[in-house]
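Fold and contact review
Listed below are the residues making up each chain.
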Amino acid sequence: MGDDFRASFRVQSEDRLAFWAEQSRHLHWHKPFTKTLDWTNPPFAKWFEDGQINASYNCLDRHVLEGRGGRIAIFFEGEPGDTKTYTYSQLLAETKKAANALLDLGVSEGDRVALYMPMIPEAVISMLAIARIGAVHSVVFGGFSAESLRSRINDAQAKLVITADGGFRKGKAHPLKEAVDQALENNSCPSIEHVLVVERTKSEVIMSDKDVWWQDALGKAATDHVAVGFDAEHPLFILYTSGTTGKPKGILHTTGGYLTGASYSHRVVFELNSEKDIYWCTADVGWITGHSYVVYGSLANGATQVIYEGTPDSPNFERWWEIIAKYKVSIFYTAPTAIRTFMKIGRSVVDGHDLTSLRILGSVGEPINPEAWHWYHDVVGGSKCEIVDTWWQTETGSIMISPIPHAFKTKSGSAQRPLPGITVGIVDENGVPVKSTHDGSEAGYLTIDEPWPSMLRGIWGDPERYVETYWSKFPGKYFAGDGARFDEDGDIWLLGRIDDVIKVSGHRLSTAEIESALVEHHWVAEAAVVGAKDEITEQAVVAFVILRQDELGDAPNEEEIGKVLGNWVTEKIGAIARPRQIMVVSELPKTRSGKIMRRLLKDVAEGRPVGDTTTLADSSVMNAINDKLHEGATD
Ligand code: WTA
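Now for a description of the structure that goes with this document. Remember, it's a predicted structure, so these values are computed and weren't measured experimentally.

Rules of the game
Residues numbered from 1 in each chain as written. Predicted model: local features only at pLDDT ≥ 70, side-chain atom pairs only at ≥ 80, totals over all residues. Heavy atoms only, no water. Pairing = 2+ DSSP bridges. Helix = DSSP H or I, 4+ residues; strand = E, 2+ residues; numbered from the N terminus. Axes fitted to C-alpha atoms, helices over the stretch in contact; angles between N-to-C directions. Buried < 20%, exposed > 50% of the residue type's maximum accessible area, 1.4 Å probe, protein only. Parallel < 35°, antiparallel > 145°, perpendicular 65-115°, else oblique. Left-handed = near helix turned anticlockwise from the far one by under 90°. Contact = heavy atoms within 4.5 Å. Nonpolar A, V, L, I, M, F, W, Y, C, P; charged D, E, K, R; others polar. Near = heavy atom within 4 Å. Polar contact = N/O pair within 3.5 Å; in protein donor to acceptor, adjacent residues only side chain to side chain. Areas by Shrake-Rupley, 256 points an atom, 1.4 Å probe, with all protein chains shown as cover. Salt bridge = Lys/Arg side-chain N within 4 Å of Asp/Glu carboxyl O. Phe/Tyr/Trp six-rings, centres within 6.5 Å; stacked < 30°, edge-to-face > 60°. Lys NZ or Arg CZ within 6 Å of the ring centre and 35° of its normal.

We now examine the sheet that holds strand 24 (residues 444-448). The antiparallel open sheet is built from 4 strands, whose spatial order is 21-24-26-27. Edge positions in the sheet fall to strand 21 (424-427) and strand 27 (492-497), since each has one partner strand and no second. Averaged over all neighbouring strand pairs, the angle between strand axes comes to 45 degrees, with direction disregarded. Where strand 26 (residues 478-486) and strand 27 come together, 5 bridges link them in antiparallel fashion. Among the inter-strand pairings, Gly483 is bridged to a residue of strand 27, identified as Gly496.

Put into structure tokens, the structure is as follows:
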């Protein structure tokens, strides 16, 4: 594989489009395309435009028709210990029934369907059934609140929600249907016609006229369904993600290009041998990693994979390692936060398990620090596995920068090179490539310089925001929002976000979104949120709030205020956005033009001496905050 790939670096520079056309021909096209890329109206790209394709057919039917129907597609491991196995034939049969059930419920081509589900096979089946009939899924992570679900349903005008009575997390049934009911109450999502409910936890739920049990709907549905081809640029899914403003953006991906990127990258980055490997990506389908590397990339490639419902600590921290040993996982893909959590607990939880089946270890979602990299390499990988540190985003659809196993000498902490077919750059504020230094280059902004098949096609309902957010800072180039630098070998080191997006345990959050949630509380006059460095989660949410004294009533103490506002954020956005710390302050540091200087607040939140305050309108503000900090903070 390494040699092939060194060779393909040459192919791409000679003819990048021919390279991509070749990659996409690994897929089954109902109607072959003749045109690879239309970039006449940038940044609106059209890939493989005159071709027709069906994503579900590629993930299922093709394998069955080509004689791989008996291969295991999914080893499902429920958190309570129940297991279920699906061959490709079985997964196809279920998906056909689900597709017919959706049609019976009035869903048709182009309609949006929201998913709010636990990590169970029905989540994968739902996504593939929706894609199969040309509808568009919008998966909302089950950890988001009812209110977040409601705003996503309304933004996409979804016709149906698929959910479950609950999912098992940390030994408990986490209610999902209840949250859907809350999201829909008082007719607040008028576009929704039905709610399809999978029975998982057998928790008590209230079923209204709109609600239909999954098991009943599939039981009644016809068993056969013929997948037709859709235009390559037909929308496949919307996935909401946080940006620099308060409102999450619906990132739109289309069929042919996305599937090309997801399957190509999955094949090369993990050096997949679909007949031998057992693959496990721990991501939830609520995030892009779950879309590209639990559903589309891995299934299009005919991989055998593990899906685990719960958290790594249920019932104890042995769980993941038991699963790897049990299924003889050979490719494992997870986030650095998880590795750091295990590092802190100590190697004994890992050491007791036979992990010799492992061959490739992937990392995603945040920079992996060298210490965690080495621990992953030595303790998990027994010093014999290749580590692939993969950089990409919801918007890029698939991995953009990563070492390719055996083609590179890997380095702890560097994602190294763009994949063949991808062209990236690092530029300064003026869009000029960064200057070389004795040990590589200066730090700058990461850009992607040419269109790629799995690139986002836009922001749902907001084409201007698409142009403005990604293509205006450096005209003609995609602005990723990450800082980066080259080292002396030309390898890329990612330096984290340069905007107000933060990463907490690999989950993407917006400081602006948390701020607007906080100021919606009647106690809060003003709020500033920063991402402070955290040993385990990479970043943690720290909030500074100014209170409205007149609204406080019985003057609760700071601890109570912190609790109430923390719960409020959980309710508004979800538990993942709950601040680690909320500090009540009487003023926020602002420039003369009224801009909050988050940099100074970050210094405070990270316990550093406060930096340069000369541009503050009132420089005494930081002293007051510092004094306050030393009195003790709320939690
Ligand atoms: C960060 C996740 C460093 C980055 C797939 C990016 C990384 C954001 C890496 C996208 C990595 C992802 N090294 N940083 N290997 N992978 N990131 O949309 O800041 O949830 O912009 O997609 O995660 O987050 P998203």
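Residues of helix 11 (residues 319-327) that are buried: Arg319, Trp320, Trp321, Ile323, Ile324 and Tyr327. Directly after helix 11, the chain includes Lys328, whose backbone phi takes a positive value near 55 degrees.

A word on the packing of helix 3 (residues 55-68) against helix 4 (residues 88-104). Interaxial distance between helix 3 and helix 4 falls to 9 Å at its minimum, and their mutual angle equals 135 degrees. In terms of orientation, helix 3 and helix 4 fall into the oblique class. Viewed along their axes, helix 3 and helix 4 form a crossing whose handedness is left-handed. Residues Ser56, Cys59, Leu60, Asp61, His63, Val64 and Arg68 of helix 3 pack against Tyr88, Ser89, Leu91, Leu92, Thr95 and Lys96 of helix 4. Among the residues forming the contact of helix 3 with helix 4, the class breakdown is 6 nonpolar, 4 polar and 3 charged.

A sheet is described by the order of its strands in space; here 8 strands give the open sequence 12-11-8-6-7-14-15-25, paired in mixed fashion. In this open sheet, the two edge strands, each paired with only one partner strand, are strand 12 (211-213) and strand 25 (458-459). With 4 bridges connecting them, strand 6 (residues 112-116) and strand 8 (residues 160-164) associate as parallel partners. Bridge pairing links Leu115 to Ile162 in strand 8. Strands strand 7 (136-139), strand 14 (235-241) and strand 15 (249-254) of the sheet are contacted by helix 10 (residues 288-300), whose axis makes an angle of about 145 degrees with strand 14.

A separate point is the site of the ligand. Surveying the vicinity of the ligand reveals 17 residues, the closest of which are Thr390, Thr394, Asp482, Lys503 and Arg508. Within the contact set of the ligand, a nitrogen atom lies 3.1 Å away from a backbone nitrogen or oxygen of Gly365. A distance of 2.7 Å is found between an oxygen atom of the ligand and a side-chain nitrogen or oxygen belonging to Lys503. Protein coverage of the free-state accessible area of the ligand, which is 520 Å², stands at 97%. For the shell around the ligand, the secondary structure elements donating two or more residues are helix 10, strand 20 (386-390) and strand 27. Taken together, the residues that form the shell around the ligand break down as 6 nonpolar, 5 polar and 6 charged.

Scanning all chains against the criterion turns up 42 salt bridges. Here Lys159 and Asp111 are joined by a salt bridge, their closest N and O atoms 3.0 Å apart. Remark: Asp111 occurs in the loop between helix 4 and strand 6 and Lys159 occurs in the loop between helix 6 (146-156) and strand 8; sequence separation between them is 48 residues. Given the relative accessible area of 15%, Asp111 is considered buried.

Scanning the entire structure with this criterion turns up 38 aromatic pairs. For the ring pair Tyr293 and Trp392, a centre distance of 5.1 Å and an interplane angle of 90 degrees mean the geometry is edge-to-face. Separated by 99 residues along the polypeptide, Tyr293 in helix 10 and Trp392 in the loop between strand 20 and strand 21 bring together distant segments of the chain. Across from the ring centre of Phe144, 4.5 Å away, lies the NZ or CZ of Arg152, which sits over that ring.

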